[in-house]
Amino acid sequence: MTILCSGFGLGFYVPGLLIERSLKALGVNAEIEVFETLMPESKKKLTDDSRRAYQDNFAVALTSQKIPGDIRGSLDPAEVEALFGQWRLEERQHFIALSGHWVHVLDRYREAAGYPVYADLLYIDADLSPSWKNLRRVNPGYAEGYREVGMYDRVKREVLFSIDAGDKERLPASARNGHLVVHGGGWGIGTFREKLEALEAAGFELDIAAYRPQEIGEAVSGRRYYMNDPEWRTWLRDSSGQYTFPPFAGVTRNSHSSFPPCRHYPEGMYGVIRQASAVISKPGGGALIDSLASGTPLVLLDPFGPHEKINSDLWVELGYGIRYEQWAETGFAREELRRLSDNLLAAGGRYPDYAADYAERLSVSEGRS
């Protein structure tokens, strides 16, 4: 079966890799495809340019969500036909789509395949993210014939599924290092850079995600920087032909870091997160997945659009996160973080793993056929 990811955000890429690895461990033959491989180089460059613009100005990032777009204009017809040829040769029928961009492609494939095509449309956020909203504008009935699967129920305020991060041990607050992880999601956007001084003044040591070398500050006691390889791109396979987690390393301003391959998710930033007392971040879908998997609470910064506002509301209501302003009003109380951590740890095992659920459904459907 095929997992359809996108590199427009790591929240639509990394969960796909985690699902792929879980399915393989369960005996399912699974493979990743990344949407950007279907785009010409000029469009990929525009994606990189947008990333830099959004890092420099969060208001620009927020405005971009309000501009309607039709991603079909970014597709390279030759690449799409080459992919269809491979899929038809292998008679691929089962898909999981993490981004609305892929539904245009799936629709065309389903029309031409000559055999049934099944797909889960997997919503990583508690509300529709921009790719799904743009899809709905051009095709209000886009989900017809597919299975919609939400990770969360925004009405009932429930978590419906978790995603296994490959790390079964969730540390209690007493076993953590007391640090705060500060990041801006996969693209490095948001207001997180503005919070460093206040957090350090409150006595916290910080593990900070840098996204460009010039963001790495001078060596300061209690402050560490980490970075994914800035040259790595989601749409590039490694030497063995596989898609990978981003190469990752601790970095300093005065050293030229090498970025070793990240073969397992806990070898990257997630490994830093699972030891921390909390993550300071915008409420992206990937941040929620990491929080639930690691038992690490979120201190929630300004959301990147309405869907992340709903993510934030959900995490606060569940007792898994707190808004930055509310936490600041407590004097950045460590007891508040421990309470949230205890809530997350108590929820361990409560939510079914999506990959395991999918594998079971696939087994049942194949048994019937």
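Model, not experiment: these values are computed from the prediction.

Caption draft 1: Structural detail: the overall build of the chain. Helix and strand content of the chain: 13 helices and 14 strands. Over its C-alpha trace the chain gives a radius of gyration of 20 Å, about what one expects of a compact globule, namely 21 Å for 369 residues. For the chain, buried positions account for 55% of its 369 residues. Pairs at least 24 residues apart make up 67% of the contacts formed inside the chain by residues separated by at least 6 positions. Total accessible area on the chain stands at roughly 16,300 Å², and carbon and sulfur atoms take up 50% of it.

Caption draft 2: The arrangement of a negative patch on the surface in detail. Together, E194, D302, E325 and E329 make up a region of like negative charge exposed at the surface. Secondary-structure assignment places E325 in helix 11 (residues 324–329). Judged by relative accessible area, E325 falls into the partly exposed class, the value being 42%.

Caption draft 3: Fine view of the sheet that holds strand 14 (residues 321–323). Ordered in space as 11-10-9-8-12-13-14, the seven strands form an open sheet in which the pairing is mixed. Looking along the sheet, the strands with just one partner apiece sit at the ends: strand 11 (248–251) and strand 14. Taking each pair of neighbouring strands and ignoring which way they run, the sheet shows an average axis angle of 25°. In the sheet, strand 9 (residues 206–210) pairs with strand 10 (residues 223–228) via five bridges, with the strands oriented parallel. In the strand pairing of strand 10, D207 is matched with R224. In the packing of helix 12 (residues 334–346) onto the sheet, contacts are made with strand 8 (180–182), strand 12 (278–281), strand 13 (298–300) and strand 14, and the angle to strand 14 comes to roughly 140°.

Caption draft 4: Representation of the pairing of strand 10 within the structure. Inspection of the sheet shows strand 10 paired to strand 11 by four bridges, in the antiparallel sense. Residue pairing for strand 11: N228 is matched across the bridge by F248.

Caption draft 5: Quick look at the pattern of salt bridges. A complete count under the given rule lists 25 salt bridges for this structure. Residue E90 pairs with R92 through a salt bridge whose shortest N-O separation is 2.6 Å. The exposure class assigned to E90 is partly exposed, which follows from its relative accessible area of 43%. Judged by its relative accessible area of 12%, R92 is buried. Because the salt bridges share partners, they merge into one network encompassing D120, R147, D357 and R361.

Caption draft 6: Inspection of the pairing of strand 1 (residues 2–5) at higher detail. Here strand 1 shows no split at all, with T2 and L4 on one side and I3 and C5 on the other all buried. Pairing of strand 1 with strand 2 (residues 31–34) involves four bridges; the strand directions are parallel. When the sheet's bridge partners are listed, T2 is paired in strand 2 with E31. Handedness of the crossover joining strand 1 and strand 2 through helix 1 (residues 14–25) is recorded here as right-handed. By the bridge criterion, three bridges tie strand 1 to strand 3 (residues 94–97) in an arrangement that is parallel. Counted as the bridge partner of T2 is F95 from strand 3.

Caption draft 7: Region of interest: the packing of aromatic side chains. Going through the model one piece at a time under the given rule, you end up with 22 aromatic pairs. Between F84 and W87 the ring centres are 6.2 Å apart and the planes differ by 40°, which places this aromatic pair in the tilted class. Within this pair, F84 and its partner W87 are both found in helix 4 (residues 77–90), separated by three residues, close to a single helical turn. Here F84 matches W87 in class, with each residue buried. Ring centres 6.3 Å apart and planes at 35° place the aromatic pair W87 and W102 in the tilted group. With W87 in helix 4 and W102 in helix 5 (residues 101–113), this pair connects stretches of sequence that are 15 residues apart. Comparing W87 with W102, the two get one shared label, buried. Looking at R110, its charged tip hangs above the ring of Y146, at a distance of 4.1 Å from the centre.

Caption draft 8: Spatial organisation of the packing of helix 4 against helix 5. In the contact formed by helix 4 and helix 5, the axes pass within 11 Å of each other and the chain directions differ by 50°. Our classification of the angle between helix 4 and helix 5 gives oblique. Read as a crossing pair, helix 4 and helix 5 show a hand that is right-handed. Packed against helix 4, whose contacting residues are V80, E81, L83, F84, W87 and R88, the element helix 5 presents W102, V105, R108, Y109 and A112 at the interface. Split into classes, the residues belonging to the contact of helix 4 with helix 5 amount to eight nonpolar, no polar and three charged.

Reading the values: the criteria
- Residues numbered from 1 in each chain as written.
- Predicted model: local features only at pLDDT ≥ 70, side-chain atom pairs only at ≥ 80, totals over all residues.
- Heavy atoms only, no water.
- Helix = DSSP H or I, 4+ residues; strand = E, 2+ residues; numbered from the N terminus.
- Rg over C-alpha atoms; globule rule 2.2 N^0.38 Å.
- Buried < 20%, exposed > 50% of the residue type's maximum accessible area, 1.4 Å probe, protein only.
- Contact = heavy atoms within 4.5 Å.
- Areas by Shrake-Rupley, 256 points an atom, 1.4 Å probe, with all protein chains shown as cover.
- Patch = residues over 30% accessible without salt bridge, like charges linked within 9 Å, V, L, I, M, F, W, Y side chains within 5 Å.
- Salt bridge = Lys/Arg side-chain N within 4 Å of Asp/Glu carboxyl O.
- Lys, Arg positive; Asp, Glu negative; His and termini not counted.
- Charge placed at Lys NZ, Arg CZ, Asp CG, Glu CD.
- Pairing = 2+ DSSP bridges.
- Axes fitted to C-alpha atoms, helices over the stretch in contact; angles between N-to-C directions.
- Right-handed = clockwise from strand over helix to strand, strands pointing away.
- Phe/Tyr/Trp six-rings, centres within 6.5 Å; stacked < 30°, edge-to-face > 60°.
- Lys NZ or Arg CZ within 6 Å of the ring centre and 35° of its normal.
- Parallel < 35°, antiparallel > 145°, perpendicular 65-115°, else oblique.
- Left-handed = near helix turned anticlockwise from the far one by under 90°.
- Nonpolar A, V, L, I, M, F, W, Y, C, P; charged D, E, K, R; others polar.

Without other data, these values stay purely geometric and don't point to any function.
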